[in-house]
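Tertiary structure, described
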Amino acid sequence: MARLSIRHETLYTYERPVRFAPHRLLVRPRDSHATRVLDAHLTLSPPGQTRWLYDALGNSVCCFTPGGESRALSIVSELVIERFPASLTRRDVADPQTVTPIYYSPADRAVLAPFIDPVSEDREGRLLAWLRDQVGSPREPALEFLLRMNRTIRASFDYSARDQGAAQEPGHTVTVGSGTCRDFAWLMVEALRRLGYAARFVTGYLYSPKAAASAVRGAGATHAWCEVFLPELGWTEFDPTNALAESPALIPVAVTRTPTEAAPVSGAIYGDGGKAELRVHVDVRPAESIPAAA
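Residues numbered from 1 in each chain as written. Predicted model: local features only at pLDDT ≥ 70, side-chain atom pairs only at ≥ 80, totals over all residues. Heavy atoms only, no water.

Attention now goes to the packing of helix α2 (residues 126–134) against helix α5 (residues 181–193). Where α2 contacts α5, the axes come no closer than 10 Å and their chain directions differ by 80°. In terms of axis orientation, α2 runs roughly perpendicular to α5. Taking contact as the criterion, the partners of Leu127, Trp130 and Leu131 in α2 are, on α5, Leu187, Glu190 and Ala191. Each residue belonging to the contact of α2 with α5 can be placed in one class, and the counts come to five nonpolar, no polar and one charged. (Axes fitted to C-alpha atoms, helices over the stretch in contact; angles between N-to-C directions. Helix = DSSP H or I, 4+ residues; strand = E, 2+ residues; numbered from the N terminus. Parallel < 35°, antiparallel > 145°, perpendicular 65-115°, else oblique. Contact = heavy atoms within 4.5 Å. Nonpolar A, V, L, I, M, F, W, Y, C, P; charged D, E, K, R; others polar.)

Here we take up the pairing of strand β10 (residues 223–230). With eight of eight residues buried, β10 lies mostly within the body of the structure. Judged from the six bridges that link them, strand β9 (residues 199–206) and β10 form a sheet pairing that is antiparallel. Paired with Arg200 across the bridge in β10 is Glu227. In this sheet, strand β11 (residues 234–239) lies alongside β10 in antiparallel orientation, the contact comprising five bridges. Among the inter-strand pairings, Cys226 is bridged to a residue of β11, identified as Phe238. The hairpin formed by β10 and β11 contains three residues between the paired strands, and Glu232 there has a positive phi angle of roughly 75°. (Buried < 20%, exposed > 50% of the residue type's maximum accessible area, 1.4 Å probe, protein only. Pairing = 2+ DSSP bridges.)

Attention shifts here to the sheet that holds strand β12 (residues 244–245). Across a sheet, paired strands are connected by hydrogen bonds in the backbone, their directions being either parallel or antiparallel. Pairing within the open sheet is antiparallel, and its five strands lie in the order β12-β11-β10-β9-β13. Each of the sheet's edge strands pairs with one partner strand only, and the pair in question is β12 and β13 (250–256). Note: β9 against β13, six bridges, orientation antiparallel. The partner of Thr203 across the bridge, within β13, is Ala254. Sitting on the sheet, α5 is in contact with β9, β10 and β11, with an inclination near 20° to β10.

For any pair of aromatic rings, the description consists of the separation of the ring centres together with the inter-plane angle of the planes. Within the structure shown, the criterion is met by seven aromatic pairs. Note on Phe115 and Trp235: the rings are 5.8 Å apart at their centroids and 80° apart in plane angle, and the pair reads as edge-to-face. Of this pair, Phe115 sits in helix α1 (residues 106–116) while Trp235 sits in strand β11; the two residues are 120 residues apart in sequence, bridging distant segments of the chain. Accessibility expressed as a relative area gives 25% for Trp235, which makes it partly exposed. Counting every residue linked through ring pairs, the aromatic cluster contains Tyr104, Phe115, Phe229 and Trp235. It is Arg200 that lies over the ring of Trp235; its NZ or CZ is 3.9 Å from the centre. (Phe/Tyr/Trp six-rings, centres within 6.5 Å; stacked < 30°, edge-to-face > 60°. Lys NZ or Arg CZ within 6 Å of the ring centre and 35° of its normal.)

What follows deals with the side chain of Thr10. Here Thr10 is to be found in strand β1 (residues 2–20). A distance of 3.4 Å separates the side chain of Thr10 from the side chain of His8, its partner in a polar contact. (Polar contact = N/O pair within 3.5 Å; in protein donor to acceptor, adjacent residues only side chain to side chain.)

Printed below as a string of structure tokens:
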């Protein structure tokens with residue numbers, strides 16, 4: 001068990017005062033067998049009305065409507081969580097239908113259908129051409145194939161941090177050979193859907209105790225990865241940015257069908273605010289090192 005403190009700061013600034021439409025915040029980690037939220041505190045400026053709910057996928061959503069006018073919108077989420085990591089189990093699956101191509105029971109498929117159908121277009125076939133090169137023997141176990149793809153994306157693509165903007169189309173990521181964590185996660189999700197896997201996009205936090213001196217990519221900001229549903233294993237995490245699988249370093253906040261739905265903060269302003277800037281910072285560390293959060 002590990003107890004971690006998370007501080008997630010988001011600051012929007014504008015040249016001129018604006019008013020704010022309702023905002024949707026995804027900042028609270030998902031309670032699960034592996035994660036327990038012990039303490040959660042939101043500091044919002046300007047203050048306004050808040051309401052919490054669970055969306056259709058079980059994500060904890062804060063509906064926030066800032067009041068009045070302001071030249072800045074500040075959202076600071078402070079959390080203390082406990083992690084109960086469990087390593088990925090390499091089970092000997094007796095049923096040959098769980099070897100690539102993947103097989104889901106009719107009951108599972110009825111629930112998983114929205115995560116099996118691809119969303120992005122691939123008119124020029126770039127994603128499909130890349131995917132053909134990844135597929136090995138049809139006798140390769142599904143889990144081994146997924147771990148291999150996870151490693152391949154980490155080794156084959158250059159990482160480039162990008163705080164703003166939507167996730168790239170997977171075909172574009174393949175073409176340019178670079179991207180950020182959400183681009184690699186979306187590439188893996190959409191590639192696997194084309195093979196019949198149920199895959200979903202995950203956003204959350206990445207714990208890296210030695211981020212400055214290690215090869216971990218994506219620390220210090222919100223992170224994104226992929227979940228794949230496997231018979232007998234359930235939803236299983238793969239982080240192609242760092243070639244991690246079911247790692248205790250991954251702290252999920254929200255699961256969605258597309259990256260657009262996974263934005264930590266989404267909303268609109270009223271009025272012409274002029275030039276706008278966004279600053280985001282995430283700090284994840286052992287809770288014991290922050291007395292104020294203990």
